[in-house]
Amino acid sequence: MTVFVCGQEVEDIWCGIYDAWMSRLGHENVRIEFPGQDTELFCQYRDAVTEPWKAEKVTESIRRKLSEALYETVYRAALSEDKERADKIYRFLIYAFAIGISVMDRLQIPAVYEVFRMTRYLAREYTHIIEFTRFSQMEEGVLLGKIKPRNDLLPLVAIHFSDRLSGENWILYDLGRKKAVVHQADRGWMILRVDSAIWQEKLNKKTDEKTYEGLWKTFHNGIAIVQRRNLKCQQNMLPLRFRPYMTEFNSDIDL
């Protein structure tokens, strides 16, 4: 068995798939993994070198030979938190190129079901994130939001907020992955790694919205009916893991 080791970003996964496919070793004789996983005896490990042209070839092949909709499906699967997502996507593409775009209807195939499962879970968390994300205004007038999703949702959430807040300068920071979407008003957005000390200091600056945060909490408490409080129902509608990043529950979040 030959194991191709690739990074966890989408482009890295595409390059891992490219190297495994083009190795001509046979699909049953290769596997794709992320760094840090336990090594196995009698396996040969190869590093999949990330190069833009490899990722472009994989992207082009899926879009041209299959469909744009299927590419969007595997792209979302590549953003999943699943630690085996690279190999699962590879197995899915084997069937996709053999069967065609109808492959998504073959949920009885384990590889197809795994991609369906990953994208379904990601879609559920995406809906929560766009509903529960809160922005505060920084000293420079830039809006700052902080999230910590299990899946790598920044690329998808950026599209949503670039439409909703197109005229604003804003930053949306993923605390878990130490990267952020930076949006310039009426210009566009990009994703940056922001784990340097300068960025950490900048993003930890206090905002001037304490008054508004207090009003949020007052409103939140004021509309509550104590006699009808149902904590279990609340947790179903608003899971506890989202609350530390919401103004009405906790406004002091350090990076």
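The rules behind each value
Residues numbered from 1 in each chain as written. Predicted model: local features only at pLDDT ≥ 70, side-chain atom pairs only at ≥ 80, totals over all residues. Heavy atoms only, no water. Buried < 20%, exposed > 50% of the residue type's maximum accessible area, 1.4 Å probe, protein only. Helix = DSSP H or I, 4+ residues; strand = E, 2+ residues; numbered from the N terminus. Pairing = 2+ DSSP bridges. Right-handed = clockwise from strand over helix to strand, strands pointing away. Arc of directions from axis to C-beta. Axes fitted to C-alpha atoms, helices over the stretch in contact; angles between N-to-C directions. Contact = heavy atoms within 4.5 Å. Polar contact = N/O pair within 3.5 Å; in protein donor to acceptor, adjacent residues only side chain to side chain. Phe/Tyr/Trp six-rings, centres within 6.5 Å; stacked < 30°, edge-to-face > 60°. Core = buried A, V, L, I, M, F, W, Y, C linked by side-chain atoms within 4.5 Å.

> Which residues make up the pairing of strand E6 (residues 170–174), and what values go with them?
Across the 5 residues of E6, 5 count as buried, placing the element largely inside the fold. Two elements, strand E5 (residues 143–147) and E6, share 5 bridges in a ladder whose sense is parallel. Across the sheet, residue leucine 143 finds its bridge partner in E6, namely tryptophan 170. Read as a crossover between parallel neighbours, the route from E5 over helix H6 (residues 154–164) to E6 is right-handed. In terms of strand pairing, E6 meets strand E7 (residues 179–184) through 5 bridges, oriented antiparallel. What sits directly across from tryptophan 170, in E7, is histidine 183. With antiparallel pairing between neighbouring strands as the criterion, E6 and E7 make up a hairpin whose turn holds 4 residues, including lysine 178 at a positive phi of roughly 55°.

> How would you summarise helix H3 (residues 68–78) if you had to cite specific residues and measurements?
Turning to H3, its buried residues are Leu70, Tyr71, Thr73, Val74, Ala77 and Ala78. Down the axis of H3, the buried set is contained in an arc of 155°. They therefore lie on one face.

> Give me the lowdown on the sheet that holds E5, citing residues and values where you can.
Spatially, the 5 strands line up as an open sheet ordered E4-E5-E6-E7-E8, and their pairing is mixed. Unpaired on one side and paired on the other, strand E4 (135–137) and strand E8 (188–193) mark the two borders of the sheet. Across the sheet, the mean angle from the axis of one strand to that of its neighbour is 20°, orientation sign disregarded. Here 6 bridges tie E7 to E8, and the two strands are oriented antiparallel to one another. Among the inter-strand pairings, glutamine 184 is bridged to a residue of E8, identified as glycine 188. Across the sheet, H6 lies against E4, E5, E6, E7 and E8, angled at about 155° from E6, the strand it touches most.

> Explain the side chain of aspartate 174 to me, using residue names and the numbers behind them.
Within the secondary structure layout, aspartate 174 lies in strand E6. A distance of 3.1 Å separates polar atoms of two side chains, one belonging to aspartate 174 and the other to arginine 177. Once residues lying within four places of it in the same chain are set aside, the contact partners of aspartate 174 are Ile147, Lys148, Pro149, Leu154 and Lys179.

> Can you explain the packing of aromatic side chains? Please cite residues and give values.
Enumeration over the complete set of coordinates arrives at 9 aromatic pairs. Plain terms: the ring middles of phenylalanine 135 and phenylalanine 161 are 5.2 Å apart, the flat faces sit at 80° to each other, and that makes the pair edge-to-face. Here phenylalanine 161 lies in helix H6 and phenylalanine 135 lies in strand E4, a separation of 26 residues in the sequence. Looking at phenylalanine 161, the relative accessible area reads 7%, which means it is buried.

> I'd love a proper account of the sheet that holds strand E1 (residues 2–5), names of residues and values included.
What holds strands together in a sheet is hydrogen bonding between their backbones, with the strands either parallel or antiparallel. Spatial ordering of the open sheet is given by E2-E1-E3, a layout of 3 strands whose pairing is parallel. A strand with exactly one partner marks an edge of an open sheet, and here the two such strands are strand E2 (30–33) and strand E3 (44–47). Each neighbouring strand pair of the sheet contributes to a mean axis angle of 25°, computed without reference to strand direction. Across 4 bridges, the pairing between E1 and E2 is parallel. Paired with threonine 2 across the two strands is valine 30, which belongs to E2.

> Could you give an account of the pairing of E5, naming the residues involved and the relevant values?
A large share of E5 lies buried, amounting to 5 of its 5 residues. Alternating positions in E5 separate into two faces, Leu143, Gly145 and Ile147 on one and Leu144 and Lys146 on the other, with burial throughout. As judged from the 3 bridges shared by E4 and E5, these two strands associate in the antiparallel manner. Within the sheet, the bridge partner assigned to glutamine 137 lies in E5 and is leucine 143. Taken together, E4 and the strand that follows it, E5, pair antiparallel across an intervening segment of 5 residues, in which glycine 141 is found at a positive phi of about 90°.

> Can you tell me about the environment of isoleucine 89, naming the residues and giving the values?
Along the chain, the position of isoleucine 89 falls in helix H4 (residues 85–99). Classification of isoleucine 89 by relative accessible area gives buried; the value is 0%. Spatially, the C-alpha atoms of isoleucine 89 and valine 112 are 8.6 Å apart, while their sequence positions differ by 23 residues. Setting aside its immediate chain neighbours within four residues, isoleucine 89 contacts Trp14, Ile17, Val74, Ala77 and Ala78.

> Please give an account of the nonpolar core that cites residues and values.
A general tendency of soluble globular proteins is for nonpolar side chains to be buried together. Ranked by internal contacts, the top residues of the largest apolar core, which has 51 residues, are Trp14, Val74, Phe92 and Leu172. Sequence-distant contacts of phenylalanine 92, that is, excluding residues within four places in its chain, are made with Leu70, Val74, Val103, Met104, Ala111, Val112 and Val115. Core analysis: the next-biggest nonpolar cluster, separate from the first, contains 7 residues, Tyr173, Leu175, Ala180 and Val194 among them.

Any functional reading would require information that these geometric values do not contain.
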